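Single-letter residue listing:
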Amino acid sequence: MSVPSDFVSLGALHRELEELFLLHQEALMGMDLPVARERLTRYRADLTRHLEAEEALLLPELPRAGRIRGAAPELFTGEHQRMLELLAKCQDAVDALEPSAPDYRRAVLRVFDMESTFKHLEHHHSLREETHLFPALDRVLDGPERQALLAAFLARAEPPEHG
């Protein structure tokens, strides 16, 4: 992603992450376990890097916007932690899938149920950022500050090229 002119544009990164998770789920639905595992591992690494960049670079700037109902920095970091915990459980469940097990299809369904819980949290979290965090940062940072922070965020958050 080239450096955008505003933080609201970072919503596109959320869509890219969501797409990668859906590609994992499509592979799982097709019972292509090696591809499902690889895509989930990649998604988890990409999401972790994204969340860490938000915590290191964006959230420290949020208090400059004053108090925003439903957008305290601790709320975002708490959601990040919960998302990563749930995602680790999903990865463990996918890694434990054994195609030769008699209940394999039911085990896959249980994974989808677990992932549904994760996706619900992730969706609401992204919506909160796109509604509160990103517009607040656009409001309180001037042009040069905004550009510098966006460039630093993208440099830290963007995944390495996947071959």
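Residues numbered from 1 in each chain as written. Predicted model: local features only at pLDDT ≥ 70, side-chain atom pairs only at ≥ 80, totals over all residues. Heavy atoms only, no water.

A. Structural detail: the environment of Arg156. Mapped onto the elements, Arg156 comes out in helix 5 (residues 143–157). Arg156 sits in the partly exposed class, given a relative accessible area of 43%. Expressed as a C-alpha distance, the spacing of Arg156 and Arg44, which sit 112 residues apart in the sequence, is 15 Å. Ignoring sequence-local partners within four residues, the contact set of Arg156 consists of Arg49, Glu52, Ala53, Ala56 and Leu57. (Helix = DSSP H or I, 4+ residues; strand = E, 2+ residues; numbered from the N terminus. Buried < 20%, exposed > 50% of the residue type's maximum accessible area, 1.4 Å probe, protein only. Contact = heavy atoms within 4.5 Å.)

B. Molecular detail of the nonpolar core. Grouped together as the largest cluster of nonpolar side chains are 24 residues, with contacts concentrated most on Leu28, Tyr43, Leu47, Leu87, Leu97 and Phe118. Those elements that place two or more of their residues in this core are helix 1 (11–29), helix 2 (33–58), helix 3 (73–96) and helix 4 (104–140). (Core = buried A, V, L, I, M, F, W, Y, C linked by side-chain atoms within 4.5 Å.)

C. How the structure looks around the side chain of Glu115. Mapping Glu115 onto the fold places it in helix 4. Buried charge Glu115 goes without a salt bridge, the closest partner of opposite sign being Lys119 at 7.0 Å. (Lys, Arg positive; Asp, Glu negative; His and termini not counted. Salt bridge = Lys/Arg side-chain N within 4 Å of Asp/Glu carboxyl O.)

D. Expanded view of the layout of surface pockets. Here the largest pocket is characterised by a volume of approximately 190 Å³. The wall of the largest pocket is formed by 11 residues, among which Leu13, Glu16, Leu17, Asp46 and Pro159 lie closest to the centre. With four residues, the top contributor of residues to the lining of the largest pocket is helix 1. Looking at side-chain class alone, the lining of the largest pocket contains five nonpolar, two polar and four charged residues. (1 Å grid on protein atoms, 1.4 Å probe; cavity = no way out; pocket = protein on both sides within 12 Å on 5 of 7 lines; lining within 4 Å. Points joined across faces, edges and corners; volume = space filled by probe spheres on them. Nonpolar A, V, L, I, M, F, W, Y, C, P; charged D, E, K, R; others polar.)

E. Quick peek at the side chain of Glu54. In this fold, Glu54 is placed in helix 2. We note that Glu54 is buried and unpaired, the nearest opposite charge coming from Arg15 at a distance of 10 Å. Those residues in contact with Glu54, other than ones at most four positions away along the chain, are His14, Leu59, Pro60, His80, His125, Glu129, Phe134 and Phe153.

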